[in-house]
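Remarks on the overall topology
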Amino acid sequence: MNDKKMRQERFFENFILGVTEGEIPVDDRAMNVAAVHKLASSAVHDINIISRNLNHQIFDRSDIVEAFSKFIRKNRNASVRIILFDNTNVIKDGHRLINLADRVPSKITIRKLPKEYNYYNESLMTADSKGFIHNPQSDRYEGNVSFNNHIVCTELNKIFTDHWHQSEVSPDLRRVSI
């Protein structure tokens, strides 16, 4: 691993959810991975995600899935809610986070938005209504991260909730547990 990538992955190491002030720009995959990992590792109550297709480069990594797994084990009331626009690739190619959701459907809920919402091209993740990562263009890695911005988190969670109410459980993602 090169030095730049190692620095990026450790960039958020000393940031504390609900404490560390400021908004930090991110502009590449490694910074996005580091931000998602730190937010998932720091959350206690809830994580909300809107993603076009649950980017494999970010969310389909063993370290990220492990962070989500630890998060849902920390608190019996912890929840992860995910809204997808397109679930084709996660079904066709498989996805570790989807597999985790299959194992703990009471903790991780995944829904799909109808095609009328294809105009929405942002991706976001909020953690405990305190921290967030927001990419205004979901197909790019440029965005902002904050670990303590309740005002922006409230706005992003309102967008999430509005979309959540319009979404539905995708039969393609529903698996029967025996």
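For the structure itself, consult the block above.
The structure contained in this document is the topic of the report that follows.

Scoring rules and cut-offs
- Residues numbered from 1 in each chain as written.
- Predicted model: local features only at pLDDT ≥ 70, side-chain atom pairs only at ≥ 80, totals over all residues.
- Heavy atoms only, no water.
- Helix = DSSP H or I, 4+ residues; strand = E, 2+ residues; numbered from the N terminus.
- Polar contact = N/O pair within 3.5 Å; in protein donor to acceptor, adjacent residues only side chain to side chain.
- Contact = heavy atoms within 4.5 Å.
- Axes fitted to C-alpha atoms, helices over the stretch in contact; angles between N-to-C directions.
- Parallel < 35°, antiparallel > 145°, perpendicular 65-115°, else oblique.
- Left-handed = near helix turned anticlockwise from the far one by under 90°.
- Core = buried A, V, L, I, M, F, W, Y, C linked by side-chain atoms within 4.5 Å.
- Buried < 20%, exposed > 50% of the residue type's maximum accessible area, 1.4 Å probe, protein only.
- Pairing = 2+ DSSP bridges.

**Regarding the side chain of Asn149**
- Note that Asn149 resides in the loop between strand 7 (143-146) and helix 7 (150-166).
- Looking at Asn149, its side chain comes within polar contact range of the main-chain nitrogen of Val152, at 3.0 Å.
- Each residue touching Asn149, except ones within four places of it in the same chain, is listed here: Glu23, Lys130 and Phe132.

**Describing the packing of helix 4 (residues 62-74) against helix 6 (residues 96-103)**
- In the contact formed by helix 4 and helix 6, the axes pass within 9 Å of each other and the chain directions differ by 25°. Here helix 6 runs roughly parallel to helix 4, going by the angle between their axes. In the crossing of helix 4 with helix 6, the sense of the turn from one axis to the other is right-handed. Within the contact between the two elements, helix 4 uses Ser62, Val65, Phe68, Ser69 and Ile72 and helix 6 uses Arg96, Leu97 and Leu100.

**Some thoughts on the nonpolar core**
- Phe12, Ile47, Leu54, Phe59, Phe68, Ile82 and Met125 are the most contacted members of the largest nonpolar core, which has 40 residues in total.
- Broken down by element, the residue count for this core peaks at 7 residues, all from helix 2 (residues 29-42).
- Not counting residues up to four positions away in its chain, the partners in contact with Phe59 are Val36, Ile49, Leu54, Ile64, Val65, Phe68, His95, Leu97 and Met125.

**Description of the sheet that holds strand 7**
- Pairing in this open sheet of 7 strands is mixed, and the strands run 1-7-6-5-2-3-4 from one edge to the other. At either margin of the open sheet sits one strand with a lone partner, and together these are strand 1 (23-26) and strand 4 (108-112). Adjacent strand axes in the sheet meet at a mean angle of 10°, parallel and antiparallel pairs treated alike.
- With 4 bridges joining them, strand 2 (residues 46-51) and strand 5 (residues 123-127) adopt antiparallel strand pairing. The residue of strand 5 that forms the bridge with Ile50 is Leu124.
- Along the sheet face, helix 7 touches strand 1, strand 2, strand 3 (79-84), strand 4, strand 5 and strand 6 (131-135) and points at about 65° away from the line of strand 3.

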